[in-house]
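What follows is the residue order along each chain.
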Number of protein chains: 2
Amino acid sequence: MAAQQAEVAVATSHRQVLLKTRPDGVPKASDFEIVTVPVDPLPKGSLLVRNRWLSVDPAMKLWLGPPGAYMAPTPIGAVVPSYAAGEVIASDHPDFDVGDRLVGRFGWQEIVAVDPETIYWKVSYDDLPLSQSLGVIGMNGIAAFVGVNDICKPKSGETFVVSTAAGAVGSAAGQIAKLMGARVVGITGGPEKCRQCIEDFGFDAAVDYKSSEPLLDALKTACPNGIDSYLDLTGGSISDAVRHLITVGARIALCGTAAVPSWNPWPLGERVERHLLNKQALMQGYITSFQRHRWPDALQHLETWARDGGLVGREDILDGIDKAPGSIARLLNGENQGKLVIKL
Amino acid sequence: MAAQQAEVAVATSHRQVLLKTRPDGVPKASDFEIVTVPVDPLPKGSLLVRNRWLSVDPAMKLWLGPPGAYMAPTPIGAVVPSYAAGEVIASDHPDFDVGDRLVGRFGWQEIVAVDPETIYWKVSYDDLPLSQSLGVIGMNGIAAFVGVNDICKPKSGETFVVSTAAGAVGSAAGQIAKLMGARVVGITGGPEKCRQCIEDFGFDAAVDYKSSEPLLDALKTACPNGIDSYLDLTGGSISDAVRHLITVGARIALCGTAAVPSWNPWPLGERVERHLLNKQALMQGYITSFQRHRWPDALQHLETWARDGGLVGREDILDGIDKAPGSIARLLNGENQGKLVIKL
């Protein structure tokens, strides 16, 4: 078949964000550089996608190195890997038409040649904002769904706790646990994020880990019947406190370690063995991008809930690719208000 | 119905081991006292059981306090709680006859009045030693079966690791994992116990945690393809090392914390979150005495395997109730050679 082309001419050059230096701790703006490069010609059997939204996620700190995480770190000089949502502007593949909206790991760049095999999914709806395909109806929502539905399995009346509760995954997780009938308690930093948990996301209680009250005491007050399940997005001393309150048969899903600044040297914390043993409890880690077999079911639920209003996503929108280099630090320092995305 | 009585007259007095002082760390002989007391009359609807074998188990350290474990500690002055196997010498219950052999939590005493509701099970075989009903065909074997079969789920060709590998639970677990097709590596202390793992129990390799070689290095050599599942009976630095070698999708069953001397103050160790997350791995604790719904299936398998010779239990037999007070220290100091039981 003849390759389709968008009616508007495809640009001849576009911008990319490259990794300039290996980050030491939180990636900072100066670790990146923005370059203007020619647009690749459409490869045979492939697509050209114009990114409309770039995602900013905590996991990017791991992807950018140092080595030791679950995947090889991004090489210096490479385009920064990231989730993105974009529109097909040229297609040489029968399953994709110009104008199709796609989600994938398209990276921090304006235009990208995409092998159809690597696409995450096609966005079928047009009654909800495309940016949500990176948030509550995207990898963040899937992360929340897998953690809550597949591992935490909250039962009606049980207490479910989530850390980084006002964040993109945490806020979705709390809402999903509410939909499943649980009493939901969020752990977050500062009174404004606590307010969001309760007023914007409908949690039953929120605990401020930055408050002067010891976290364990605050959790005891917020969870008088103990903690039946916990979606752990922080690790560290926050999770140490949570484990003291788990009930018999508790389930802990591990999805992130935002509260642990470095794993080299390997950090110490309170031993978990006796907690899990005494309570016959379970702790299980998962990586959303490797749970691909769960994406379709998750997306179907998330889209339905988002349309019905049972699941809302707050967004923090940065305007233009120039904002990308500083965005990870903004996220990891907790300065964002909701899912951080970059509008192109 | 008229109560049955054994043909030999029931003794009028018997001996009990009482908890005299709350142990500080490993329970020592002087924490106990042996008293001679009258035999209780047969209560209505109940049984009198003459214990033949008393069990000595690591969990007894927890049962004897200090408080904070999964059950209230034994009161000072009470009979020491323990598993035991005995014979009915008087019955006022239609389901039990004089001569029936029973396993239960009968405690460190010679004769005990037993409420039939509290009995663990009736021993149906007589071609295998009764003492094994406290070992490989008893709670130790069940602990191994639940940990291996229900949580570790070793697949053919996978590497399974167990700590306290020469002990009663560990040696049974390794043999069960072998029967399920796994490559089995035991962690134990000293060359003699390593020899037992390989020669007596048929493990593929054994690692001596007391050797001068760093444990992580020795484990890497013994497990060149990583560790797919681990039955953790020690916790502590042994388990910290194991977690560095787990594979994607690994399963860790937590059954004991023999390497952690005290949980007050709560001890520190290497954080587990990033291990479990990177490897999408699972850690799950269980308490055999609370897994009652799994006992019948476990016992059926264990009895078959013991009879077929696929599962052997080494026993360390102490003679007489006078040996009971010092037996827990013997066990926790690793001086025993196999399942420690007291013959009455």
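Draft legend 1. How the structure looks around the overall build of chain A. A tally of regular secondary structure across chain A gives nine helices and 17 strands. Its C-alpha radius of gyration of 21 Å places chain A within 12% of the 20 Å reference for a compact globule of 344 residues. Its C-alpha atoms put chain A at 65 × 45 × 35 Å along the principal axes. Residues counted as buried form 57% of the 344 residues belonging to chain A. Taking the intrachain contacts of chain A between residues at least 6 apart in sequence as the baseline, contacts between residues at least 24 apart amount to 66%. Summing over all exposed atoms, chain A offers an accessible surface of approximately 13,500 Å²; the carbon and sulfur share of this is 52%. Of the charged side chains in chain A, 32 are positive and 38 negative, and the gap between their average positions amounts to 4 Å.

Draft legend 2. Fine view of helix α6 (residues 236–243) of chain A. Judged by how many residues are buried, α6(A) sits mostly within the fold: seven of eight residues are covered. Buried within α6(A) we find A:Gly236, A:Ile238, A:Ser239, A:Asp240, A:Ala241, A:Val242 and A:Arg243.

Draft legend 3. Summary view of the relation of the copies chain B and chain A. Rotating chain B by 180 degrees and moving it 0.0 Å along the rotation axis overlays it on chain A with an RMSD of 0.0 Å. Expressed as a symmetry operation, the mapping of one chain copy onto the other fits a two-fold axis. Same-surface contact between copies: 100% of interface residues of chain B are shared with the interface of chain A.

Draft legend 4. Expanded view of the environment of A:Ser156. All names here are of chain A. Within the secondary structure, Ser156 sits in the loop between α2 (139–152) and β9 (159–163). With a relative accessible area of 64%, Ser156 lands in the exposed category. Those residues in contact with Ser156 that lie beyond four places of it in its chain are Met180 and Gly181.

Draft legend 5. Summary view of the nonpolar core. The biggest cluster of nonpolar side chains holds 160 residues, and the ones touching the most others in it are A:Trp108, A:Phe160, A:Leu231, B:Trp108, B:Phe160 and B:Leu231. Leaving out residues up to four positions away in the same chain, A:Phe160 has contacts with A:Val148, A:Cys152, A:Ala173, A:Gly174, A:Ala177, A:Ala182, A:Arg183, A:Val184, A:Val185, A:Ser229 and A:Leu231. In terms of nonpolar packing, the next biggest core, distinct from the first, is built from 48 residues, A:Val185, A:Ala205, A:Leu245 and B:Ile227 among them.

Draft legend 6. Representation of the interface of chain B and chain A in the model. Of the residues lining the interface, 41 residues belong to chain B; the matching set on chain A comes to 41 residues. There are four salt bridges connecting chain B and chain A. With a closest N to O distance of 3.8 Å, B:Arg243 and A:Glu273 form a salt bridge. Scanning the region where chain B abuts chain A turns up 18 residue pairs in polar contact (both at pLDDT 80 or more). Secondary-structure elements contributing two or more residues to the side of chain B that touches chain A are α6 (236–243), β14 (268–270), α7 (273–278) and β15 (282–285) of chain B. Take the side of chain B that touches chain A: its biggest share by element is six residues, from α7(B). When the residues that make up the side of chain B that touches chain A are grouped by side-chain class, the tally is 19 nonpolar, 15 polar and seven charged. Inspection of the sheet shows strand β15 (residues 282–285) of chain A paired to β15(B) by three bridges, in the antiparallel sense. Paired with A:Met283 across the strands is B:Met283, a residue of β15(B).

Draft legend 7. Examining the confidence of the model for chain A more closely. When pLDDT is averaged along chain A, the result is 94, and 97% of the positions lie at 70 or above. The ipTM assigned to the predicted complex is 0.92, against a pTM of 0.93.

Cut-offs used in this document
Residues numbered from 1 in each chain as written. Chains lettered and ligands numbered in written order. Predicted model: local features only at pLDDT ≥ 70, side-chain atom pairs only at ≥ 80, totals over all residues. Heavy atoms only, no water. Helix = DSSP H or I, 4+ residues; strand = E, 2+ residues; numbered from the N terminus. Rg over C-alpha atoms; globule rule 2.2 N^0.38 Å. Buried < 20%, exposed > 50% of the residue type's maximum accessible area, 1.4 Å probe, protein only. Contact = heavy atoms within 4.5 Å. Areas by Shrake-Rupley, 256 points an atom, 1.4 Å probe, with all protein chains shown as cover. Lys, Arg positive; Asp, Glu negative; His and termini not counted. Charge placed at Lys NZ, Arg CZ, Asp CG, Glu CD. Least-squares fit on C-alpha atoms with pLDDT ≥ 70 in both. Core = buried A, V, L, I, M, F, W, Y, C linked by side-chain atoms within 4.5 Å. Salt bridge = Lys/Arg side-chain N within 4 Å of Asp/Glu carboxyl O. Polar contact = N/O pair within 3.5 Å; in protein donor to acceptor, adjacent residues only side chain to side chain. Nonpolar A, V, L, I, M, F, W, Y, C, P; charged D, E, K, R; others polar. Pairing = 2+ DSSP bridges. pLDDT = per-residue confidence, 0-100.

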